[in-house]
Amino acid sequence: MLGFRKARTPLSTFQRVDIELLMRRTIDELGLPFVRKTQILTDLSQLDLLDDTQQALVDSAMKAIRTRFPEQQLPCDVQIVPGADIGYPSIYVAASNEASAMVRIAEETCEDPLRTVMELAFQFSAHYWHGVPGATELDKSPRNADLMPICCGFGVLGSEACLYDDQWSQAGWAGWSISRSGYYSTVEIGYALALLARCRNETSPDWDDHLRLDSRETAALAWKFFASQEKLGRSLLFDAETIPSTQADMSQLATWLSGPDPAYALAAGYALAKLNDLSPLAVASAIKASRSSDPDVVPLAVRVLGKARTCTPELERCVMDLCRKGKPRVAVAAMQAAVELNLSLIDCRRRLVKLFDYFAGDPSPVLDLIVSQGHALKMGAPRVMPRLALAVRDQDSQLVDSCLRCMIHIGADVEGLISKYLKVQEPRDQALQRLAELKDSGAG
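Because the structure is predicted, anything quoted here is derived from the model rather than measured.

**Q** Which parts of the structure should I look at to understand the overall build of the protein?
**A** Across its full length, the protein holds 22 helices and five strands. Its C-alpha atoms give the protein principal-axis dimensions of about 65 × 60 × 50 Å. In the protein, which comprises 444 residues, the share counted as buried stands at 48%. When the accessible surface of the protein is totalled, it reaches about 22,500 Å², and 50% of it is carbon and sulfur.

**Q** Please explain the packing of aromatic side chains as it appears in this structure.
**A** Given two aromatic rings, their pairing is described by the distance between the two centres and the angle made by the two planes. This model, assessed by the stated rule, comprises nine aromatic pairs. Their ring planes at 85 degrees and their centres at 6.2 Å tell us that Tyr128 and Trp129 sit as a pair that is edge-to-face. Across the pair, Trp129 and Tyr128 agree in class, each one buried. Ring pairs connect the aromatic residues Phe69, Phe124 and Phe154, which therefore count as one cluster. One Lys or Arg, Arg198, reaches over the ring of Phe226 and ends 5.1 Å from the middle of that ring.

**Q** What should I look at first to understand the pattern of salt bridges in this one?
**A** Pairing is possible between side chains that carry opposite charge, provided their charged atoms lie close to one another. Within this structure, the stated rule accounts for 17 salt bridges. Here Asp401 and Arg405 are joined by a salt bridge, their closest N and O atoms 4.0 Å apart. Taken together, the residues Asp401 and Arg405, both in helix α20 (residues 397-409) and four residues apart, mark about one turn of the helix. Owing to a relative accessible area of 36%, Arg405 belongs among the partly exposed residues under this scheme. Linking Lys439 and Glu415 is a salt bridge whose minimum nitrogen-to-oxygen distance equals 2.7 Å. One end of the pair, Lys439, is in helix α22 (residues 425-440); the other, Glu415, is in helix α21 (residues 414-421), and 24 residues separate them in sequence. With relative accessibility at 40%, the residue Lys439 sits in the partly exposed group. The exposure class assigned to Glu415 is partly exposed, which follows from its relative accessible area of 35%. Several salt bridges converge on common partners, so that one network encompasses Asp401, Arg405, Arg434 and Glu437.

**Q** Would you mind going over the confidence of the model for the protein with me for this structure?
**A** Interpreting fine coordinate detail is not advised for predicted regions of low pLDDT. Taken over all residues, the pLDDT of the protein has a mean of 91, while the share at 70 or more is 94%. Low pLDDT, under 50, characterises residues 165-178; the predicted model gives this stretch 17 contacts beyond four residues in sequence or across chains.

**Q** Where do I start with α22 in this structure?
**A** Two residues of an α-helix separated by three or four positions point the same way, owing to the 3.6 residues in each turn. When the terminal C-alpha atoms of α22 are compared, their 22 Å separation across 16 residues agrees well with the 22 Å that a helix rising 1.5 Å per residue should span. Of the residues making up α22, those classed as buried are Ala431, Leu435 and Leu438. Take α22 and look down its axis: the buried residues cluster within an arc of 65 degrees, on one side only. Opposite the buried face of α22, by more than 90 degrees, sit the exposed residues Gln425, Glu426 and Asp440. On its buried face, α22 sits against α19 (381-393), α20 and α21. Of the residues flanking the end of α22, it is Gly442, one or two places downstream, whose phi is positive at about 80 degrees.

**Q** What is the right way to read the sheet that holds strand β1 (residues 76-81) from this model?
**A** Within a sheet, adjacent strands bond to each other through the backbone by hydrogen bonds, running parallel or antiparallel. Reading across the sheet, the three strands line up as β1-β3-β2 and stay open at both edges, with mixed pairing between neighbours. Edge positions in the sheet fall to β1 and β2 (90-93), since each of these pairs with one other strand and no more. For this sheet the average axis-to-axis angle between neighbouring strands, irrespective of direction, equals 20 degrees. Bridge count between β2 and strand β3 (residues 101-106): four bridges; the pairing is antiparallel. Its bridge partner being in β3, Tyr92 is matched across the sheet by Val103. Where helix α3 (residues 54-68) meets the sheet, its contacts fall on β1 and β3, and the angle it forms with β1 comes to roughly 150 degrees. Contacting β1, β2 and β3, helix α5 (residues 113-130) runs over the sheet at an angle of about 15 degrees to β2.

**Q** What is the right way to look at the packing of α21 against α22 in this model?
**A** Their axes nearest at 10 Å, the elements α21 and α22 cross at an angle of 170 degrees. If you check the angle between α21 and α22, you find them roughly antiparallel. Both α21 and α22 take part in a crossing whose hand is right-handed. Residues Val414, Glu415, Ile418 and Ser419 of α21 pack against Arg428, Ala431, Leu432, Leu435 and Lys439 of α22. For the contact of α21 with α22, a count of residues per class yields five nonpolar, one polar and three charged.

Calculation notes
Per chain, residue numbering runs from 1 following the sequence as it is written. Local features in a predicted model are, by the rule used here, given only for residues with pLDDT of at least 70; side-chain atom pairs are given and counted only at 80 or more, and totals for whole chains, interfaces and linings are based on all residues. As a convention, hydrogens and water are excluded, and side-chain values are obtained from all of the structure's heavy atoms. Only runs of H or I of at least four residues qualify as helices and only runs of E of at least two qualify as strands under DSSP, and these elements are numbered from the N terminus. A simple rule labels every residue: compare its accessible area, found with a 1.4 Å probe on the protein chains alone, to the largest value its type can have, and call it buried under 20%, exposed over 50%, or partly exposed in between. In these tables, accessible area is a Shrake-Rupley quantity obtained with a 1.4 Å probe, and a residue counts as shielded only by the protein chains included in the view. For Phe, Tyr and Trp, where Trp contributes only its six-membered ring, two rings pair if their centres lie within 6.5 Å, and the inter-plane angle classes them as stacked under 30 degrees, edge-to-face over 60, or tilted in between. The criterion is that NZ of a Lys, or CZ of an Arg, lies within 6 Å of the ring centre and within 35 degrees of the ring normal, and then a charge sits over that ring. Put simply, a salt bridge is a Lys or Arg side-chain nitrogen that is within 4 Å of an Asp or Glu carboxyl oxygen. Per-residue confidence from the prediction method is given by pLDDT, with values spanning 0 to 100. Here, residues are in contact when the closest pair of their heavy atoms is within 4.5 Å. How far a helix is expected to stretch is found by multiplying one less than its residue total by 1.5 Å. This arc is built from the directions going out from the helix axis to the C-beta atoms. For two strands to pair, DSSP has to find at least two bridges joining them. Convention adopted: a line fitted to C-alpha atoms gives each axis, helices being fitted over their contacting stretch, and angles between N-to-C directions are expressed from 0 to 180 degrees. Each angle is binned into one of four classes, with values under 35 degrees roughly parallel, values over 145 roughly antiparallel, values of 65 to 115 roughly perpendicular, and all other values oblique. Crossings are classed by handedness, with left-handed meaning an anticlockwise turn of the near helix from the far one by less than a right angle and right-handed meaning a clockwise turn. Residues are sorted three ways: Asp, Glu, Lys and Arg are charged, Ala, Val, Leu, Ile, Met, Phe, Trp, Tyr, Cys and Pro are nonpolar, and all the rest, Gly among them, are polar.

Put into C-alpha cells, the structure is as follows:
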C-alpha cells in the first residue's frame, strides 16, 4: 500500500492555479531563452553592493537589478523618503503628464541591504509591466509583478527577505513583530521556484540548498506533485498546450469543471463565471462540481450556477439548498447565484444576516446581498452597526459608505441606529455627517 500513497499537494488549489497561470504569463513576456539563461542568485555578495551610505546602497542595488531585468525603455527615478511619508517599505508611482515614474523607498528599509534589493526589484517589476503594451491591471499588480524578480534570478533572495522578525525595546518594554516583504509568502515562493526549475529543465538545481527551509520544503513537495501528475497523465496548467479561458468552447469548459483535476476545474470555473447564458451541459457540470471535495472549487462552481440560461426546478432546489445548508463561503456564493436567477432570499434572511458576522473582515458581498432584498431585510440593520462603527474608527470611507447605503436602501432608521450604537460623539458625528451627504446626493 505504501507504494500507492497519494502525493501530498503543495498549497491550496487556488494558490497553485494563480501562481501557475501568472508564472506562465510572466515567462511568456520575458521569453523562455531569457529565463533559462538567468543566473539564480544565492547570496547578496553576488550583487557587489555599496553600503557606505543609503544612497550608495540604493544606486548599486538598482544597477544590479537593471542588469538582470529585461531592458526597460521608460525612465524611473528612485527617491529615499521617511517611512512615515509612504506607510510602506516602498511604493511605485506610475508616470504622469507632469512627472516620470518614481519608486519611493523608506529610509528604514534602506537600513537592510537584502530588503532594499528586494523592495526595489518588486517596484522595478511594476514599472516594467507599466511599460508593456496591452498590460492589464492584474499584470501591473503585485499579485503578478512580484513574480518577475523570481524569473530574473532573485527568488532565493526573495524567500530569505520575505518575513522579517523585528525585535524592539523602548522605555523598559520589549517585544517583536513580523512583517512581510513582497506579495507572496515563503511557501508560495517555493512553489514558484519549483515551476521556474521546471521550465529551465532543472531536476536538482544547485540553488535549492540555499533556500530557507519552508520554501525548500514546498519546492520539494511541488517536484513530487509534478511527478505524480505526470504518472496520472495530467498536464499542469503551467505548461499545458491549452488552458481553460473564455476563448475555449463552453462544452470543453464544462468537461474541465466537472473533471478529476481541481486545478483545471477551478480555472474553467473562473472562465465560465465571466460568461452569460450557460448551456444545460455547463450547468449540469457546475452542479456536479458543487459536490466536489475541493474547498476552492465548490464556491466557484456554485457561483457559476447563477449564469444559467433558465432556472429549472433542479437548479432552483440545488441553489436554495446550498443557501440554507452550505458552509459560509458556499452559502454566500449560492445566494449570489440565487439573486442572478431572480430567486427570493426571504426564506434565508436569518442565515443571511448571520453570515454578516462570518464575513466581518470584508462584508461587502453580504452587504450587496442584503441590499438585493430591499425592505424585507430591514431586520438585519442592527447587525451592520458594529461593522460601521469599526469602519468609522479605521477611517475606511469606502466601507462606511457601503454600510450606510445598505441601511438607507433597506429602509432602516439609520439616524436612530447610529445614535444607539455609536456612543462616542466624534465618530457618531462623522457617521451622521456622511449619512446626510449621501442622502443629499440621492444615494441608496
